[in-house]
Structures are given as C-alpha cells and as structure tokens.
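Below are the chains, spelled out letter by letter.
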Amino acid sequence: MIKVSKFGPVYRVKATRPDVPKDWSSLMPLGAREVVEELIRHGASLHAAYDAMFEADPLRAARELR
C-alpha cells in the first residue's frame, strides 16, 4: 500500500508491502516529482507511484508529472 498525504505544497509518503519490497516512509516533506522518484527508488513501480500521487493531488500530478 502507498499512502501520500498532502500538507500544503508538500507531501509525506508511507509505503508498505506488496508495493515496495521493504516498508518505507519519507522523513522529510517531498515535492510531487520527488514523491514519485523516491517511491521508484524504494522499489515501487512507476504505475503505482504515479497512481498514489494522482490520488493524493490529481491536478498537481497531471500538471507536474507529464
């Protein structure tokens, strides 16, 4: 499961199995593109990372993650 929480212009992320091999959560707030990059770096698929970001903030995801 991937959960992206919006806090103003930044996000916090928590990812657990089966979407990533090892449970992970962000220590620092992340921008939209950083959310996707960090999720991929921690083993999530591009599709799962994008879907999680899109669910958290559809307008920003569509604008910034083309």
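Calculation rules
- Throughout, a residue's number is its position along its own chain's written sequence, starting from 1.
- Totals for whole chains, interfaces and linings use every residue, but because this is a predicted model, local features are given only for residues with pLDDT of at least 70 and side-chain atom pairs only at 80 or more, for both listing and counting.
- As a rule here, side-chain values come from all non-hydrogen atoms in the structure, and water together with hydrogens is ignored.
- Counting from the N terminus, the helices are the DSSP runs of H or I reaching at least four residues and the strands are the DSSP runs of E reaching at least two.
- We compute the radius of gyration over the C-alpha atoms and compare it with the globule rule, which gives 2.2 Å times the number of residues raised to the power 0.38.
- Two strands form a pair only when DSSP identifies at least two bridges running between them.
- Whether two residues are in contact is decided by their heavy atoms: any pair within 4.5 Å suffices.
- Angles here are taken between N-to-C directions and fall from 0 to 180 degrees, while the axes themselves are lines fitted to C-alpha atoms, restricted in helices to the stretch in contact.
- Working definition: with a 1.4 Å probe on protein chains only, accessible area under 20% of the residue-type maximum means buried, over 50% means exposed, and in between means partly exposed.
- Pairs of N or O atoms are called polar contacts if they sit within 3.5 Å, as long as, within protein, a hydrogen donor faces a hydrogen acceptor (for residues adjacent in sequence, only side-chain-to-side-chain pairs).
- The hand of a helix crossing depends on one turn: near helix anticlockwise from the far one by less than a right angle means left-handed, and clockwise means right-handed.

Q: Help me out: how do you make sense of the overall build of the chain in this one?
A: Along the backbone of the chain there are three helices and three strands. Each helix (α) and strand (β) of the chain, taken in turn from the N terminus, gives the series β-β-β-α-α-α. Here the C-alpha radius of gyration of the chain, 10 Å, is about what a compact globule of 66 residues would show, namely 11 Å. By its C-alpha atoms, the chain is 30 × 20 × 15 Å across when sized along the principal axes.

Q: Would you explain the sheet that holds strand β3 (residues 24-25) in this entry?
A: For sheets, the rule is that strands pair by backbone hydrogen bonds, running either parallel or antiparallel. Pairing within the open sheet is antiparallel, and its three strands lie in the order β1-β2-β3. Each edge of the sheet is formed by a strand with only one pairing partner; in this case those strands are β1 (2-7) and β3. In the sheet, β1 pairs with strand β2 (residues 10-15) via six bridges, with the strands oriented antiparallel. Looking at the pairing, Ile 2 lines up with Ala 15 of β2. Sheet strands touched by helix α1 (residues 32-41): β1, β2 and β3. Its angle to β2, the strand with the most contacts, is close to 20°. Sheet contacts for helix α2 (residues 46-56): β1 and β2; angle to β1, the most-contacted strand, approximately 35°.

Q: Where do I start with the environment of Lys 14 in this structure?
A: Mapped onto the elements, Lys 14 comes out in strand β2. For the pair formed by Lys 14 and Val 4, sequence separation is ten residues and the distance between their alpha carbons is 6.6 Å. Once residues lying within four places of it in the same chain are set aside, the contact partners of Lys 14 are Met 1, Ile 2, Lys 3, Trp 24 and Ser 25.

Q: When you look at the side chain of Asp 57 in this model, what are you seeing that I'm missing?
A: Within the secondary structure, Asp 57 is located in the loop between α2 and α3 (58-64). Here Asp 57 falls in the buried class, since its relative accessible area comes to 9%. At 3.2 Å, the side chain of Asp 57 forms a polar contact with the side chain of Lys 6.

Q: Got a minute to help me understand the packing of α1 against α2 in this structure?
A: Packed helix pairs are characterised by how far apart their axes lie and by the angle those axes make with each other. Closest axis-to-axis distance for the α1/α2 pair is 9 Å, and the angle between their directions is 145°. Regarding α1 and α2, the two cross each other, and that crossing is right-handed. On α2, the residues that touch Ala 32, Val 35, Val 36, Leu 39 and Ile 40 of α1 are Leu 46, Ala 49, Tyr 50 and Met 53.

Q: What is the right way to look at unusual backbone geometry in this model?
A: Of all residues except glycine, most have a negative phi; of all peptide bonds, most are trans. Here the bond from Arg 17 into Pro 18 is cis, since omega is 10°, no more than 30 degrees from zero. Its place among the elements puts Pro 18 in the loop between β2 and β3.

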